[in-house]
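Here are the chains, one letter per residue:
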Amino acid sequence: MLNDLKQQPADALLALIKLHNNDPRADKIDLGVGVYKTAEGDTPVFAAIKAAEKKLVEEQDSKAYLGPEGDMGFVEKLMPYVFGKANPTMDGRIEGMQTPGGTGSLRLALAMVKRAGYKRVIVGKPSWPNHNQICADLGLEVVEFNHATAAGADMDAVRGAIASAQEGDAILLHGCCHNPTGIDYTNAEWDEIAGLLAASTILPVLDLAYQGLGQGMEEDAYGLRRVLAAVPEALICYSCDKNFGLYRDRVGALYAMVADPADLAKVMSNGHSLARANWSQPPDHGGAAVRVILEDEALTAQWLAELDEMRERMRGVRARLQAAGKTGGVDLTPVGSQNGLFSIIPFTPEQVQAMRSEHGIYFAASGRINVAGLTTGNIDQFIAAVAAVTA
Ligand code: LMR
């Protein structure tokens, strides 16, 4: 029986880690999987996290189970940052639970969508490949619309997708720092989308995996808050893996917003039972470290300063690529106004291969680059390679 299983391809994004590691060239460049890097090319542990971990080692007196919802102190301390300080529970309509990373949160959210009777999920194209993979694994049909044109987000496509939605449809939207394009909706576009969703029966599922890496913690939450203010129900998938640099510790949260606070316990009990069936309880350490930071004013300020520094460095890289402008056969100008870790450079498949084989520069086959992989030491080399392969 087991030998009837079909060989599955390695995950294309995660496979890039090995491809890059196996390249013996000293001047190779890794623009693959989405991790932040400093100007020196390192992915260090945040100083605020190190300090919180020290505190945890000294003060944590038990590692006994917490339950499927994980560390509710972590879940609740995060809420003012996600939903706004003024009314973080939206008058008792929002509650959350801890999940293993943003992926765990998406898995639970989409499983709840399925359990609630939704049949289809409307997803922009391109999207993070795991979005469609999770839907497929759960037996949810994916309906795609075009995410962006050369000029920015494709509003006609999103209007069309919402207008042609059916009863039983959910929509998966990236809250900020769109992965893989870096092309986010403007605030005016979010205003319009919120209005369109409010007038529809579509359930919004909002994926916020990069808060603080685009324009700022508050700015990056604009669209999510706008949608939540307009609709009766939504699911929110949150990741701390990037904005706290906790990648392998897998730190995320799922929040549900309901119309009537009386339904919240019932809705969340579905998250709890699904978690129990998937991983029982989330790993504790990273979430506990985030909680320790958010409970301490000085550590919170330190974390936010570190996040500001990351964002500013990435804006600097983007400005440098924008200044390069037309480079060989491609235009790097739009990268300057995009957000977060990713942008897509319109390479052909042959050019992606040539960047790897001739220049030792690794990024996804879609042409998605992790701009944080570019440093003062390698950005000129990257621009020269782009000019050479696209000329
Ligand atoms: C990425 O898109 O590179 C990140 O979200 C990491 C991942 O798990 O794919």
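Looking at an unreviewed UniProt entry, one finds the protein chain named Aromatic amino acid aminotransferase and attributed to Novosphingobium guangzhouense. Turning to the protein chain, the UniProt record has this under Subunit (unreviewed entry): "Homodimer." According to UniProt, the comment filed for the protein chain under the heading Cofactor (unreviewed entry) is "pyridoxal 5'-phosphate".

Side note on the packing of helix α12 (residues 349–359) against helix α13 (residues 379–390)
Contact pair α12 / α13: the axes reach a minimum separation of 10 Å and the direction vectors enclose 125°. With respect to α13, the axis of α12 lies oblique. In the packing of α12 onto α13, the handedness of the crossing is right-handed. Here Gln351, Ala354, Met355 and His359 of α12 come into contact with α13, specifically with Ala385, Val389 and Thr390. Split by residue class, the contact of α12 with α13 holds four nonpolar, three polar and no charged.

Digging into the environment of Asp169
You can see Asp169 is positioned in strand β7 (residues 169–174). By the C-beta count within 10 Å, which is 21 here, Asp169 ends up buried. Asp169 has contacts with Tyr118, Arg120, Ile122 and Ile202, leaving out every residue within four places of it along the chain.

With respect to the domain arrangement of the protein chain
Per the domain assignment, the segments making up the protein chain are domain 1 (11–44 + 312–390) and domain 2 (65–295). Between domain 1 and domain 2, the contact holds 15 residues from the first and 17 residues from the second. The leading source of residues in the side of domain 1 that touches domain 2 is strand β13 (residues 342–344), at three residues. For the side of domain 1 that touches domain 2, the per-class residue count stands at eight nonpolar, six polar and one charged.

The rules behind each value
Residues numbered from 1 in each chain as written. Predicted model: local features only at pLDDT ≥ 70, side-chain atom pairs only at ≥ 80, totals over all residues. UniProt positions renumbered as here; feature names shortened; annotations may be inferred. Axes fitted to C-alpha atoms, helices over the stretch in contact; angles between N-to-C directions. Helix = DSSP H or I, 4+ residues; strand = E, 2+ residues; numbered from the N terminus. Parallel < 35°, antiparallel > 145°, perpendicular 65-115°, else oblique. Left-handed = near helix turned anticlockwise from the far one by under 90°. Contact = placed C-beta atoms within 7 Å. Nonpolar A, V, L, I, M, F, W, Y, C, P; charged D, E, K, R; others polar. Buried ≥ 20, exposed ≤ 12 C-beta atoms within 10 Å, placed from the backbone. Domains from an automatic or database assignment.

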